[in-house]
2 protein chains.
Amino acid sequence: MHHPENDEQYKGLTVNKGVENLPTVNPYTRFSRKKRVLTPEDYFRGIRDGNISILGQAVTLVESSLPEDQLIAQRVIEMCLPYSGNSIRIGITGVPGAGKSTFIEAMGTDLANRGKHLAVLAIDPSSERSKGSILGDKTRMQELSTAKNAFIRPSPSAGSLGGVARKTRETIVLCEAAGFDTVFVETVGVGQSETAAHSMVDFFLLLQVTGTGDELQGIKRGIMEMADGIAINKCDGNNIEKAQVAKTQFKNALALFPPTESGWKPYAVTCSAVEKTGLRDVWKMIEDYISHIRLNGYFDYQRTQQAKYWMYETINEQLLNSFYQNEHLKQLLSEAEQKVLNNELSSFIAAHNLLNEYFKKD
Amino acid sequence: MHHPENDEQYKGLTVNKGVENLPTVNPYTRFSRKKRVLTPEDYFRGIRDGNISILGQAVTLVESSLPEDQLIAQRVIEMCLPYSGNSIRIGITGVPGAGKSTFIEAMGTDLANRGKHLAVLAIDPSSERSKGSILGDKTRMQELSTAKNAFIRPSPSAGSLGGVARKTRETIVLCEAAGFDTVFVETVGVGQSETAAHSMVDFFLLLQVTGTGDELQGIKRGIMEMADGIAINKCDGNNIEKAQVAKTQFKNALALFPPTESGWKPYAVTCSAVEKTGLRDVWKMIEDYISHIRLNGYFDYQRTQQAKYWMYETINEQLLNSFYQNEHLKQLLSEAEQKVLNNELSSFIAAHNLLNEYFKKD
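Residues numbered from 1 in each chain as written. Chains lettered and ligands numbered in written order. Predicted model: local features only at pLDDT ≥ 70, side-chain atom pairs only at ≥ 80, totals over all residues. Heavy atoms only, no water.

### Description of the overall build of chain A
Now for step 1: Across its full length, chain A carries 12 helices and seven strands.
Now for step 2: For chain A, restricting intrachain contacts to residue pairs at least 6 apart in sequence, the fraction spanning at least 24 positions comes to 75%. (Helix = DSSP H or I, 4+ residues; strand = E, 2+ residues; numbered from the N terminus. Contact = heavy atoms within 4.5 Å.)

So this is what it looks like as structure tokens:
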């Protein structure tokens, strides 16, 4: 059982020395800062009560790079952890122009109307709030953003993929503790974000449009084989026949792929987010998949594998950062790289020299 | 320009303190050891003279885990580097049972007979010499192993993937300096080895057999999208029609994939390694590809990207090893992992605690 009151696990946190002085239930700390008047317990209770405004503020803390915000955020997350996990997490990716926003809007509104509590998040390391990141422009999801049961949150603003992914994953925990039973994680089709999203969702949906070649330019190779299912969007108007052909093509292609670890056989369906047709087919595919993996145990297996994955991923990222963010090494690295590119130095000798410098300094 | 006589670059090597005392041209050192009587210069000259026996001994040094062997090996590699790069490097993977050995034997013998100088290497981190690793049993390649122009070398024996891959990549350098113009790198279809091989070859060939489902069980998802071409083997006897159908299916599937970075459109051909048919079609595909990427500059681009990749990969592997091979941390890691799996601790807090411990100790 989890004991939020047990501080033992926080002692290792390096972000701030003042762990013991952390505002907890001391009422005075409520007024010691400009904006934040809530304790971690307040956030936790607000989230558990399904208070969307407090959930939003907690997510802002999760996204903050201020050490004092992070400390509170981590406490809130720890408190929420035992109440998390009770949602279906769906990753959604697709080429620019596949109609992701419209799809999420249409699909999400339908789900919300049918009583689902939907949180829509995003992973987009390139995003900046001001530059219209994915989901950044809520006006693109006007209907969904006003739905009672929906919580839409743009990608955390620009940062390392690891950082952005961590924040999204932590936000899932908070949303689940707040009672959301369905979580969408949107990504941008560039490869790395997909891997990150794939590693935090139960079902990974690839949104396609008809045609080959240019239309697929934006998506990275390898993503198709990650997908648990494909939805061919824009199956409307003059496009219906083409979309049907594409569905068959993808069906045949998917059959040539090696079996998935889950034992599930991915397939393709058509839909039109604009005309709101076929969305239930997409949802049925997702539900069938979830039933399938709940039955054979893969659901829980994948969740625990993902939790492990993120622990190791976080460790790995920090270990690498401690090297690559070292100013002295940056200089040496760029020199070594040039020599390697000129065939003057083997990749391995170059690496060894740099590592020697790193471990010497430490 | 490369200056092998300049020792500056070796100073960083941590494997052995006695860099300055390294046997170079001192004739006395030739008799100071049991078996090794060659200096790095001797190895280098032997390799450049195309002496296969000396090449084999140099590869043994590359594969050795003894620091003194590694020092000599690294010197030999450095000397060979300026003379490397002049081969076509081809990665070959496929499910167990796809007939990789027979294919390499047939294809390789044909190439050798046509005057190519062929080196056949392998990446198989699970291999142990005694247990019949891939390529380990030269009797499986009897014809090729007796060909004048061929050099067959099994995978370095069991070790980390990074270690095995490094050795294979360094062996490519030696083989090229010895005049081999064609290099095959065989892998086992398990995923990680494929990524490693893919990152050191110009063309990545997936060997398939007809059928879906069970026949594909052995190969990992994602590998199909890595392939620059597919050869459907065992197109013989009663299997010809099925293989032709498979060729069309793969053709259609490949057309649905996003474009490759090289601008090349991968396709599928059929062949029979046993009946030695279609092998020239496979080779033509490879040659067409090489012409294509030489023309558009991708050949050189990919080679330099790969050199960079291996520098970073080596750095990353060592940084992670310094954490994961720490006995104290191993214990803490396993405890933390259990808490994460029990949902008692978030992946990120667990990671932070461990990292704190690691950086504290250093």
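### Some points on the interface of chain A and chain B
Now for step 1: At the junction of the two partners, chain A supplies 75 residues and chain B supplies 75 residues.
Now for step 2: Both faces considered, chain A and chain B share a buried interface measuring about 7000 Å² in area, 66% of it formed by carbon and sulfur atoms.
Now for step 3: Where chain A touches chain B, the interface holds two salt bridges.
Now for step 4: The shortest N-O distance in the salt bridge between E337 of chain A and K308 of chain B comes to 3.5 Å.
Now for step 5: Secondary structure elements with two or more residues in the side of chain A that touches chain B: α3 (67–80), α6 (161–177), α8 (240–256), α10 (298–324), α11 (327–341) and α12 (347–361) of chain A.
Now for step 6: Top contributing element to the side of chain A that touches chain B by residue count: α10 of chain A, with 15 residues. (Buried area = accessible area lost by both parts, 1.4 Å probe. Salt bridge = Lys/Arg side-chain N within 4 Å of Asp/Glu carboxyl O.)

### Digging into the environment of G94 of chain B
All names here are of chain B.
Now for step 1: With respect to the helices and strands, G94 occurs in strand β1 (residues 88–94).
Now for step 2: We classify G94 as buried; its relative accessible area is 0%.
Now for step 3: Once the C-alpha coordinates of G94 and L207 are considered, the two residues, 113 residues apart in sequence, prove to be 4.6 Å apart. (Buried < 20%, exposed > 50% of the residue type's maximum accessible area, 1.4 Å probe, protein only.)

### Considering the side chain of T260 of chain A
Now for step 1: For T260 of chain A, the position within the fold is in the loop between α8 and β7 (268–270).
Now for step 2: Of note is the side chain of T260 of chain A, whose polar atom sits 3.2 Å from the side chain of S262 of chain A.
Now for step 3: Polar side-chain contacts of T260 of chain A include one of 2.6 Å to the backbone oxygen of W264 of chain A.
Now for step 4: Among all residues touching T260 of chain A, those that are not within four sequence positions of it are P266 of chain A together with R221 of chain B. (Polar contact = N/O pair within 3.5 Å; in protein donor to acceptor, adjacent residues only side chain to side chain.)

### Some points on the packing of aromatic side chains
Now for step 1: Summed over all chains, the structure comprises 25 aromatic pairs over all chains.
Now for step 2: When the ring of W264 of chain A is compared with that of Y289 of chain A, the centres are 5.3 Å apart and the planes differ by 85°; the resulting orientation is edge-to-face. Pair noted here: W264 of chain A is in the loop between α8 and β7 and Y289 of chain A is in helix α9 (residues 279–295), with a separation of 25 residues, a long-range link. Each member of the pair, W264 of chain A together with Y289 of chain A, is buried.
Now for step 3: Ring plane angle 75° and centroid distance 4.9 Å describe the contact between F323 of chain A and Y324 of chain A, whose orientation is recorded as edge-to-face.
Now for step 4: Chaining the aromatic ring pairs together yields one cluster made of Y312 of chain A together with F323, Y324, Y358 and F359 of chain B.
Now for step 5: Sitting over the face of the ring of F299 of chain A, R294 of chain A holds its NZ or CZ atom 4.1 Å from the ring centroid. (Phe/Tyr/Trp six-rings, centres within 6.5 Å; stacked < 30°, edge-to-face > 60°. Lys NZ or Arg CZ within 6 Å of the ring centre and 35° of its normal.)

### Notes on the packing of helix α2 (residues 52–63) of chain B against helix α6 (residues 161–177) of chain B
Residues and elements named next belong to chain B.
Now for step 1: Interhelical geometry of α2 versus α6 gives an angle of 155° and a closest axis separation of 10 Å. The orientation of α2 relative to α6 falls into the category roughly antiparallel. Between α2 and α6 lies a crossing of right-handed hand. Residues L55, A58, V59, V62 and E63 of α2 touch α6, and the partners they reach there are K167, E170, T171, L174 and C175.
Now for step 2: When its residues are assigned to classes, the contact of α2 with α6 shows six nonpolar, one polar and three charged. (Axes fitted to C-alpha atoms, helices over the stretch in contact; angles between N-to-C directions. Parallel < 35°, antiparallel > 145°, perpendicular 65-115°, else oblique. Left-handed = near helix turned anticlockwise from the far one by under 90°. Nonpolar A, V, L, I, M, F, W, Y, C, P; charged D, E, K, R; others polar.)

### Details of the pattern of salt bridges
Now for step 1: Tallied over the entire structure, the rule returns 24 salt bridges over all chains.
Now for step 2: Residues joined in a network through salt bridges with shared partners are D110, R114 and R280 of chain A.

### Looking at the relation of the copies chain A and chain B
Note on the chain copies: they are related by a rotation about an axis and a translation along it.
Now for step 1: Its rotation angle being 180°, the transformation that places chain A on chain B also includes 0.0 Å of axial translation and leaves an RMSD of 0.1 Å. Here the copies are linked by what is in effect a two-fold axis. Minimal C-alpha distance to the rotation axis in chain A is attained by A253 of chain A, lying at 2.3 Å.
Now for step 2: The fraction of interface residues of chain A whose copies in chain B are also interface residues reaches 100%, indicating that both copies meet through the same surface. (Least-squares fit on C-alpha atoms with pLDDT ≥ 70 in both.)

### A word on α2 of chain B
All names here are of chain B.
Now for step 1: In this model α2 runs 16 Å from its N-terminal to its C-terminal C-alpha over 12 residues, within 8% of the 16 Å that 1.5 Å per residue would give.
Now for step 2: Of all the residues in α2, the buried ones are I54, L55, G56, A58, V59, L61, V62 and E63.
Now for step 3: As for α2, its buried residues are in contact with α1 (40–48), α3 (67–80), β3 (150–152) and α6.
Now for step 4: Regarding α2, its N-cap is N51, as a side-chain oxygen of that residue lies 3.0 Å from the backbone nitrogen of S53 further along. (Expected span 1.5 Å × (residues − 1).)

### What to know about the nonpolar core
Now for step 1: Grouped together as the largest cluster of nonpolar side chains are 109 residues, with contacts concentrated most on I47, L55 and L174 of chain A together with I47, L55 and L174 of chain B.
Now for step 2: In this view, I47 of chain A contacts I54, L55, A58, V76, C80, L174, A177 and A178 of chain A; residues no more than four positions away in its chain are not counted. (Core = buried A, V, L, I, M, F, W, Y, C linked by side-chain atoms within 4.5 Å.)

### As for the sheet that holds strand β5 (residues 203–208) of chain A
All names here are of chain A.
Now for step 1: If you walk across this open sheet you meet the seven strands as β3-β2-β4-β1-β5-β6-β7, and the pairing is parallel. For this open sheet the edge positions go to β3 (150–152) and β7, each flanked by a neighbour on one side alone. In this sheet, adjacent strand axes meet at a mean angle of 25° when their direction is disregarded.
Now for step 2: Sheet analysis places strand β1 (residues 88–94) next to strand β4 (residues 182–187), joined by five bridges and oriented parallel. Its bridge partner lying in β4, G91 is registered against V185.
Now for step 3: Each of β1, β2 (118–123), β3 and β4 touches α6; the most contacted strand, β2, lies at about 170° to it.
Now for step 4: Sheet contacts for α9: β1, β4, β5, β6 (229–232) and β7; angle to β5, the most-contacted strand, approximately 155°. (Pairing = 2+ DSSP bridges.)

### Brief notes about the sheet that holds strand β6 (residues 229–232) of chain B
All names here are of chain B.
Now for step 1: Read from one edge of the open sheet, seven strands run β3-β2-β4-β1-β5-β6-β7, paired in parallel fashion. What marks the edges here is a single partner per strand, and that holds for β3 and β7 (268–270). Recorded for the sheet is a direction-independent mean angle of 25° between the axes of neighbouring strands.
Now for step 2: On top of the sheet, helix α9 (residues 279–295) reaches β1, β4 (182–187), β5 (203–208), β6 and β7; it is set at about 155° to β5, its chief contact.

Geometry only, nothing functional implied.
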